[in-house]
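# Coordinates in review
Here is how the chains run, residue by residue.
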Amino acid sequence: MKTSAIADANIALVKYWGKRDQTLVLPQNSSISMVTDGLYAHTTVEFDSKYNRDIFSLNGKNIDTKSKGYEEYVGKFLKIVRKLSANKKHVRIQSSNNFPTAAGLASSAAGFAALTAATNKAFALGLNKRELSILARQGSGSACRSIHSGFVEWRRGGKMDGSDSYAEQIADAKYWPEFRMIFCITTKKEKKIKSRAGMAQTVATSAMYKCWLDAIVEDLKNVRQGIIQKSFSLVGKTAEHNCLKMHSLMLTTKPPIIYWNEFTIRIINKIIELRENGLECYFTIDAGPQVKIICLESNIPKIVRKVQEITGIEDIIITKPGQGARIVNKHLF
Ligand code: 2P0
């Protein structure tokens, strides 16, 4: 049985940065994101008795299934799948992203959402969207949001077993079609500190963590309401400030986590300048140096022209609200 799925990256407007349970991947706080339409992972899964061991390749490179990175992510995920399924055969998985991996562009979110959708079909698990979101979450937290389309909220939940920690849709991809995120890629290099290790260190050492949690309910309320009312200013302002609060957590982690580079700061300054000149746009930045500019469709040409004045940006990608994880007929092998 061979199945393939595609899932797009999602970018948080209210961020997830810290777990309360490492094994079950349960977050400290709820988060809200937009699923993009074009930065995706494509994954093919096949289980068959012809395989005498599990095989995994990412972006054309075979990954050692005995490595710590594999064990912690895909290996752990497959153990959960095998508990849910009667099928114990070995599996071959091949996954490719159409954008740089581990560079702060939510590649693990897209990857695990695609793997979840493909596995659900290949192993005939019969999971509904909520269950898919719970399974994807255990691969990588932010992946639970890429199951759905459009604007999505991952509810923190309160139960110890994680059964109430999953993503739900706030509005579908067609609800606010003018909403845009412009990805400014400042480097395609992999980051040095993975999100998983970084956020654990933040929770353990940042004196600002309590302030972060205290402010989160208000940010969630504003972004949720802003999306429903299509209030661009409310969403943009809140998202930008939430991003800066998350980066202040990173900066105050011991030792500090600094994901930005010089181009990150140049783009931030450009956005502030554009706003001062009456062009409404905001920024958000994840665990990497890339800047995502939040804006409306009508302002895209002006913003792109201005940002292109900054030399050194490697790529600019424009995205709008996109689809959730889906099965496709095209297989990678
Ligand atoms: C987010 N990030 O909300 C935040 C903002 C990065 C910065 O979710 O350990 O790769 O696999 O659950 O999901 C990145 O964290 O971490 C992330 P794990 P994940 O999008």
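Residues numbered from 1 in each chain as written. Predicted model: local features only at pLDDT ≥ 70, side-chain atom pairs only at ≥ 80, totals over all residues. Heavy atoms only, no water.

### A closer look at the site of the ligand
Neighbouring the ligand are 18 residues; Tyr 16, Lys 19, Ser 140, Gly 141 and Ser 142 lie closest to it. At 2.7 Å from an oxygen atom of the ligand is found a main-chain nitrogen or oxygen belonging to Gly 141. Within the side chain of Ser 142, a nitrogen or oxygen atom sits 2.6 Å from an oxygen atom of the ligand. In the complex, 93% of the free accessible area of the ligand, which totals 470 Å², lies under the protein chains. Ranked by the residues each element gives to the shell around the ligand, the list is headed by helix α4 (residues 195-205), at three residues. Across the shell around the ligand, the residue classes tally to eight nonpolar, five polar and five charged. Two domains share the shell around the ligand, each providing at least three of its residues, namely domain 1 (2-174) and domain 2 (179-319). (Near = heavy atom within 4 Å. Polar contact = N/O pair within 3.5 Å; in protein donor to acceptor, adjacent residues only side chain to side chain. Areas by Shrake-Rupley, 256 points an atom, 1.4 Å probe, with all protein chains shown as cover. Helix = DSSP H or I, 4+ residues; strand = E, 2+ residues; numbered from the N terminus. Nonpolar A, V, L, I, M, F, W, Y, C, P; charged D, E, K, R; others polar. Domains from an automatic or database assignment.)

### A word on the domain arrangement of the protein
One can read the domain layout of the protein as domain 1 (2-174) and domain 2 (179-319). The C-alpha-based centres of domain 1 and domain 2 are spaced at 23 Å. With 34 residues of domain 1 in contact, the opposing surface of domain 2 contributes 44 residues. Carbon and sulfur atoms make up 70% of the area that domain 1 and domain 2 hide from each other, which totals about 3,300 Å². (Contact = heavy atoms within 4.5 Å. Buried area = accessible area lost by both parts, 1.4 Å probe.)

### Examining the packing of helix α1 (residues 68-84) against helix α2 (residues 107-122)
Across the interface, α1 lies against α2 with an axial gap of 12 Å and an inter-helix angle of 30°. It follows from the interaxial angle that α1 and α2 lie roughly parallel. Seen from above, α1 lies across α2 with right-handed handedness. Where α1 abuts α2, its residues Tyr 73, Val 74, Phe 77 and Val 81 lie against Phe 112, Leu 115, Thr 116 and Thr 119. Class assignment of the residues belonging to the contact of α1 with α2 gives a composition of six nonpolar, two polar and no charged. (Axes fitted to C-alpha atoms, helices over the stretch in contact; angles between N-to-C directions. Parallel < 35°, antiparallel > 145°, perpendicular 65-115°, else oblique. Left-handed = near helix turned anticlockwise from the far one by under 90°.)

### Structural notes on the pairing of strand β10 (residues 179-185)
Among the seven residues of β10, seven are classified as buried, and the element is accordingly described as predominantly covered. Residues Phe 179, Met 181, Phe 183 and Ile 185 of β10 are buried on one face, and the alternating residues Arg 180, Ile 182 and Cys 184, pointing to the opposite face, are buried as well. Relative to strand β12 (residues 291-296), β10 runs antiparallel, the two being bridged by six bridges. Residue pairing in the sheet places Ile 182 in a bridge with Ile 293 of β12. Strand direction decides the pairing type here: β10 and strand β13 (residues 315-319), joined by five bridges, are antiparallel. Bridge pairing in β13 places Met 181 opposite Thr 319. (Buried < 20%, exposed > 50% of the residue type's maximum accessible area, 1.4 Å probe, protein only. Pairing = 2+ DSSP bridges.)

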